[in-house]
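Observations on chain architecture
Below are the chains, spelled out letter by letter.
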Amino acid sequence: IGRGTSTFDGLSLAWACGIYLAEKVRAFTLFATHSFELTALPETIPGVTNVHLTATDYQDRIVFLHEVQAGPASQSYGIQVAKLAGLPDAVITRARHELRNLETGGHLTTVITRPNCEPRQNDLFTTPTHNAVIAALEALDPDELSPKIALDNLYSLKSLLGES
C-alpha cells in the first residue's frame, strides 16, 4: 500500500487502511508490511493483534521456519531476501555496510566509483537496432517450449550475446 510514493504517504495510507479494515469492514485480515510503525495498531484498536512468521539467519541466508508466533517481528530480513532474489554480491555487501551505518546513527555513504568508460544511455526516442538476440527472442513462442527446449534456447541466446 502506498508503494511508489513517499515513506510518510505510504505509511499514512497503510495506517488508514488498517483502521478501516478493522473497524468498518471488520475483516479477518493478513496485513503484511515493512512499516514497523503499524505494529502499534493493537494499542488503539480492540481486537487487532500482531503475529509474525518465524525465520532465522543461518550462514548469511534466511531460513523460513513457517511457524506463526504472537507479536511483531523483531528483525527485518530484507538484505537476506534480496540475496535470495539474486542481487549481486557487491550490492549485498554494500547494503550491509549502509545498514550498519544507519543502525549506529550514521548516514548513507555517497562514495560512487565509476569505470573508465563512457556510460551507455539508451535513446528513448529511437528504435533499438535489430540484433541477433532480439531476432531469436521474437522467433520464440514461450507457450510452445518444453523446459528442456527453453533451457537450450537460453544457452543459445547467451552464446549470441557473447558474440555481439
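Below or above, wherever it landed, is the structure these notes cover. (Residues numbered from 1 in each chain as written. Predicted model: local features only at pLDDT ≥ 70, side-chain atom pairs only at ≥ 80, totals over all residues. Heavy atoms only, no water.)

**Some words on the overall build of the protein chain**
To keep things clear, this is the line we draw: Per the convention used, a helix needs a DSSP run of H or I reaching at least four residues, while a strand needs a run of E reaching at least two, with both numbered from the N terminus. When a residue's accessible area, from a 1.4 Å probe over protein chains only, is under 20% of the maximum for its type it is buried; when over 50% it is exposed; and in between it is partly exposed. Any two residues having at least one pair of non-hydrogen atoms within 4.5 Å are treated as being in contact. What sets the accessible areas is the Shrake-Rupley method with a 1.4 Å probe; for residues, cover comes only from the shown protein chains.
Along the protein chain, the regular secondary structure elements total six helices and two strands. Starting at the N terminus and ending at the C terminus, the protein chain contains elements arranged as α-α-β-β-α-α-α-α. Across the 164 residues that make up the protein chain, the buried fraction comes to 13%. For the protein chain, long-range pairs separated by at least 24 residues make up 18% of all intrachain contacts whose partners lie at least 6 apart in sequence. As displayed, the protein chain has an accessible area near 13,900 Å², and 58% of this comes from carbon and sulfur atoms.

**Some details on unusual backbone geometry**
The backbone of R26 shows a phi angle near 55 degrees, a positive value even though the residue is not glycine. Within the secondary structure, R26 sits in the loop between α1 (7-25) and α2 (41-44). When its relative accessible area of 69% is taken as the criterion, R26 is described as exposed. Positive phi values are uncommon outside glycine, yet H66 reaches one of about 55 degrees. By the element assignment, H66 lies in strand β2 (residues 61-70).

**Digging into the pairing of β2**
Basically, it comes down to this: Any two strands with at least two DSSP bridges between them are considered paired.
The pairing of strand β1 (residues 51-58) with β2 spans seven bridges and is antiparallel. Along β2, the bridge assignment pairs A55 with F64. Taking the residues between adjacent antiparallel strands as the criterion, β1 and β2 are bridged by two residues, where Q59 takes a positive phi near 50 degrees.

**Some points on helix α4 (residues 89-103)**
Operational definition: To estimate how far a helix should reach, multiply one less than its number of residues by 1.5 Å.
Relative to the 21 Å expected for 15 residues at 1.5 Å per residue, α4 spans 21 Å between its end C-alpha atoms, a close match to the ideal helical length. Burial in α4 covers these residues: I92, E98 and N101. Along its buried surface, α4 packs onto α3 (78-84). Of the residues one or two after α4, G105 is the one with positive phi, at around 85 degrees.

**Observations concerning the pattern of salt bridges**
Working definition: two side chains of opposite charge can pair if their charged atoms are close together. Short version of the rule: Take a side-chain nitrogen of Lys or Arg and a carboxyl oxygen of Asp or Glu: if they are within 4 Å of each other, that pair is a salt bridge.
Per the counting criterion, the structure on display carries two salt bridges. Among the ionic pairs, R94 bridges to E98, the shortest N-O distance being 2.7 Å. Residue R94 and its partner E98 are both found in helix α4; the two are separated by four residues, about one turn of the helix. Notably, a salt bridge pairs K148 with D152, separated by 2.8 Å at the nearest N-O pair. Taken together, the residues span about one helical turn, with K148 and D152 both in helix α6 (residues 147-163) at a distance of four residues. Note on D152: relative accessible area 36%, which makes it partly exposed.

**Here's the deal with the nonpolar core**
What counts here: Nonpolar cores were defined as sets of buried Ala, Val, Leu, Ile, Met, Phe, Trp, Tyr and Cys residues, with membership established by side-chain atoms within 4.5 Å.
Counting residues in each nonpolar core, the largest one holds six residues, listed as L11, A14, A22, L38, L41 and I45. A total of three residues in this core trace back to one element, the largest contributor, which is α1.

**A look at α1**
Going by this rule: Note that the arc is defined by the directions from the helix axis to the C-beta atoms.
Between its terminal C-alpha atoms α1 stretches 25 Å, which fits the 27 Å expected from 19 residues at 1.5 Å a residue. All of the buried residues along α1 are G10, L11, A14, G18 and A22. Buried residues of α1, seen end-on, are gathered within an arc of 100 degrees and therefore sit on one face of the element. Turned more than 90 degrees away from the buried face of α1, the exposed residues are F8, Y20 and K24. Those residues of α1 hidden inside the fold are in contact with α2. Looking at the residues trailing α1, positive phi occurs at R26, about 55 degrees.

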